[in-house]
Amino acid sequence: MLRVTSASLYTYCQKVRLLLPSSASASTVSSPSKRLENQRTVDSLYELSVDIKKVRKFKGWVLSESSAYVTETADLLRDMGADATAIARILETHPEAVLCQPEDAVAQRDLWVSVCPNRRELMSIIEKFPASFFTLTHRENQRANILYLQSLRLNKRIISKLMASAPQSFSRPVERNKEVIHTLRETYLDLGGDEGNLRIWLQKLLSQNPYILLRPAEAWRDSLGFLREQGFTTEELLSLVSSLRASIAELKPEAMEQALAYIEGALACSKDELKQVVICCPAVLYYSLPTLVGRYQGLMDVGVTMDQVKESPNVLELTTQIVLYRIQKLASYGYDVRSGSLDVIVGTKKDFEMTYGKLHLRQQRPLFNPVAPLRSAED
């Protein structure tokens, strides 16, 4: 009787396995809490060469949704110029795209086309930011924000970059973005900026920090109010705002006060000298106090003097590791930074490579002295 029961149980299990979809593996049977996958979705994605294992690992819930529009989504992307590889990559990165109803996806495409110079650029944005394109909520807010930014005569590429990098700023009511833009305009004009250059200034801010519209308008006022109290003139403030760009909205008066107090003490600065340090190296305003202390102490440890840092405060923009590397690199060609200017090590990697290259070339080709006696090889 035991044999009969075992055989019957085995036969029953085999029938159950045959009835289950091929994608419902043994783990699905042993874990009743897991939802069964939609086999049509799995097959459609597989036909598009999408890595099903990757989707199952990171966004497995998508495969269990009863309604999916894989073919329609692929057709839409193909119409915009995407090839098979691009389609597979987009659907692997953001498989939720197949859950968008076709008419909504088409409406989203038309909305984005209005701010993209051409469909090729739109396709490039979708490949990099698929989630931004396939997030279909708050379309009316998106449309209103697009119309508002277009009314400011902002470049199309700036608007499309904002939509891709910071889609949250388009999902919220247009009134909130108007308030931030109004504050930016007031700030620029109050600091002596020219109305005729306002649009260009705004575009630079928005292109360099797409999240600027998400910063509260009060943050701008607080940061600028603090700097005014430190004695910066209107012209100097405009220079700082242009240098720091949107980062100034992220600065907190308390943190800036700590940074300025440390620099003033470490460099033994007067108030005027401190202002010049900040104008030359605005980055000291947003570095944390531990970062400033660590970098300054690192310079002291390698023999750099306080006066050298005061003359070239931009050196504080470099990490201690970069400073050490550059000092050693220059020392290998006989240049001792500690006895000269720090300007040779500041700047970007490209700037330093140019300086280093000149020193290297100078060592290889010493200057010709026309009055020195000529010597033959035999001498």
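Fair warning: this is a prediction, and the values are worked out from it, not measured in the lab.

### Here's the deal with the overall build of the chain
Now for step 1: Each helix and strand in the chain was counted, giving 22 helices and zero strands.
Now for step 2: When the 379 residues of the chain are sorted by exposure, 40% land in the buried category.
Now for step 3: Of the contacts made within the chain by residues no fewer than 6 positions apart, 71% connect residues no fewer than 24 positions apart.

### Remarks on the pattern of salt bridges
Now for step 1: Taken as a whole and assessed by the stated rule, the structure comprises 14 salt bridges.
Now for step 2: In this structure, Arg-215 engages Glu-250 in a salt bridge whose closest nitrogen and oxygen atoms are separated by 3.1 Å. With Arg-215 in the loop between α14 (198–208) and α15 (217–229) and Glu-250 in the loop between α16 (234–244) and α17 (253–266), this pair connects stretches of sequence that are 35 residues apart.
Now for step 3: For Arg-215, a relative accessible area of 29% corresponds to the partly exposed category.
Now for step 4: In this structure, Lys-275 engages Glu-236 in a salt bridge whose closest nitrogen and oxygen atoms are separated by 3.5 Å. Of this pair, Lys-275 sits in helix α18 (residues 271–280) while Glu-236 sits in helix α16; the two residues are 39 residues apart in sequence, bridging distant segments of the chain. Judged on exposure class, the residue Lys-275 and its partner Glu-236 are both buried.

### A word on the side chain of Arg-109
Now for step 1: Note on placement: Arg-109 falls in helix α7 (residues 102–113).
Now for step 2: Judged by its relative accessible area of 14%, Arg-109 is buried.
Now for step 3: Side chain to side chain, Arg-109 and Asp-110 meet in a polar contact 3.2 Å long.
Now for step 4: Beyond its immediate sequence surroundings of up to four residues, Arg-109 is in contact with Leu-76, Met-80, Arg-119, Leu-122 and Phe-133.

### Some thoughts on the packing of aromatic side chains
Now for step 1: Counted according to the given criterion, the structure contains five aromatic pairs.
Now for step 2: An aromatic cluster is present here, built from Trp-112, Phe-133 and Phe-134 joined pairwise through their rings.
Now for step 3: Residue placement shows Lys-275 over the ring face of Phe-232; its charged tip is 6.0 Å from the ring centre.
Now for step 4: A cation over a ring is seen here: Arg-295 above Tyr-287, with NZ or CZ 4.6 Å from the ring centre.

### Quick look at the layout of surface pockets
Now for step 1: Within this model, the largest pocket holds a volume of roughly 250 Å³.
Now for step 2: Secondary structure elements with two or more residues in the lining of the largest pocket: α13 (174–190) and α14.
Now for step 3: Among the residues forming the lining of the largest pocket, the class breakdown is six nonpolar, two polar and five charged.

### A look at the packing of helix α10 (residues 139–151) against α13
Now for step 1: At a closest axis distance of 9 Å, the pairing of α10 and α13 adopts a crossing angle of 30 degrees. The orientation of α10 with respect to α13, classified from their angle, is roughly parallel. Residues Ala-144, Asn-145 and Tyr-148 of α10 form the contact with α13, whose own contacting residues are Val-174, Asn-177, Lys-178 and Ile-181.
Now for step 2: Its residues placed into classes, the contact of α10 with α13 shows four nonpolar, two polar and one charged.

### Quick word on the state of the cysteines
Now for step 1: All chains considered together, the criterion is met by zero disulfides.
Now for step 2: The structure places no disulfide on Cys-281, whose sulfur is separated from the nearest cysteine sulfur, that of Cys-280, by 6.6 Å.
Now for step 3: You can call Cys-281 buried: its relative accessible area is 0%.

### Quick look at helix α19 (residues 289–301)
One turn of the α-helix equals 3.6 residues, which is why residues spaced by three or four share an orientation.
Now for step 1: Look at α19: 18 Å from first C-alpha to last across 13 residues, which is about the 18 Å you get at 1.5 Å a residue.
Now for step 2: Restricting attention to buried positions, one finds in α19 the residues Leu-292, Arg-295, Tyr-296, Gly-298 and Leu-299. Across the axial projection of α19, the buried residues extend over an arc of 155 degrees, all falling on one side. For α19, the exposed residues set more than 90 degrees away from the buried face come down to Pro-290 and Asp-301.
Now for step 3: Where α19 is buried, its residues meet α17, α20 (306–311) and α21 (320–331).
Now for step 4: Trailing α19 by a residue or two, Gly-303 shows a phi angle of about 95 degrees, which is positive.

### Some thoughts on the environment of Ile-248
Now for step 1: With respect to the helices and strands, Ile-248 occurs in the loop between α16 and α17.
Now for step 2: For the pair formed by Ile-248 and Asp-222, sequence separation is 26 residues and the distance between their alpha carbons is 9.8 Å.
Now for step 3: Excluding its chain neighbours within four sequence positions, the residues that come into contact with Ile-248 are Trp-220, Ser-223, Leu-224, Leu-227 and Val-241.

### Regarding a negative patch on the surface
Now for step 1: A cluster of acidic residues, Glu-179, Glu-218, Asp-222, Glu-254 and Glu-257, forms a negative patch on the protein surface.
Now for step 2: Of all the secondary structure elements, the ones that give two or more residues to the negative patch are α15 and α17.
Now for step 3: On the basis of relative accessibility, which here comes to 41%, the residue Glu-218 falls in the partly exposed class.

### A short note on unusual backbone geometry
Now for step 1: Positive phi is not limited to glycine here, since Arg-153 has a value of about 60 degrees.
Now for step 2: Even without glycine at this site, Ala-268 takes up a positive phi of about 50 degrees.
Now for step 3: Tracing the chain through its elements places Ala-268 in the loop between α17 and α18.

### Let's talk about the side chain of Glu-37
Now for step 1: Positionally, Glu-37 belongs in the loop between α2 (26–30) and α3 (39–47).
Now for step 2: Among the residues examined, Glu-37 registers a relative accessible area of 16% and is labelled buried.
Now for step 3: Within the local environment of Glu-37, its side chain forms a polar contact with the side chain of Arg-56, the two groups lying 2.7 Å apart.

Calculation criteria
Residues numbered from 1 in each chain as written. Predicted model: local features only at pLDDT ≥ 70, side-chain atom pairs only at ≥ 80, totals over all residues. Heavy atoms only, no water. Helix = DSSP H or I, 4+ residues; strand = E, 2+ residues; numbered from the N terminus. Buried < 20%, exposed > 50% of the residue type's maximum accessible area, 1.4 Å probe, protein only. Contact = heavy atoms within 4.5 Å. Salt bridge = Lys/Arg side-chain N within 4 Å of Asp/Glu carboxyl O. Polar contact = N/O pair within 3.5 Å; in protein donor to acceptor, adjacent residues only side chain to side chain. Phe/Tyr/Trp six-rings, centres within 6.5 Å; stacked < 30°, edge-to-face > 60°. Lys NZ or Arg CZ within 6 Å of the ring centre and 35° of its normal. 1 Å grid on protein atoms, 1.4 Å probe; cavity = no way out; pocket = protein on both sides within 12 Å on 5 of 7 lines; lining within 4 Å. Points joined across faces, edges and corners; volume = space filled by probe spheres on them. Nonpolar A, V, L, I, M, F, W, Y, C, P; charged D, E, K, R; others polar. Axes fitted to C-alpha atoms, helices over the stretch in contact; angles between N-to-C directions. Parallel < 35°, antiparallel > 145°, perpendicular 65-115°, else oblique. Disulfide = S-S within 2.5 Å. Expected span 1.5 Å × (residues − 1). Arc of directions from axis to C-beta. Patch = residues over 30% accessible without salt bridge, like charges linked within 9 Å, V, L, I, M, F, W, Y side chains within 5 Å. Areas by Shrake-Rupley, 256 points an atom, 1.4 Å probe, with all protein chains shown as cover. Lys, Arg positive; Asp, Glu negative; His and termini not counted. Charge placed at Lys NZ, Arg CZ, Asp CG, Glu CD.

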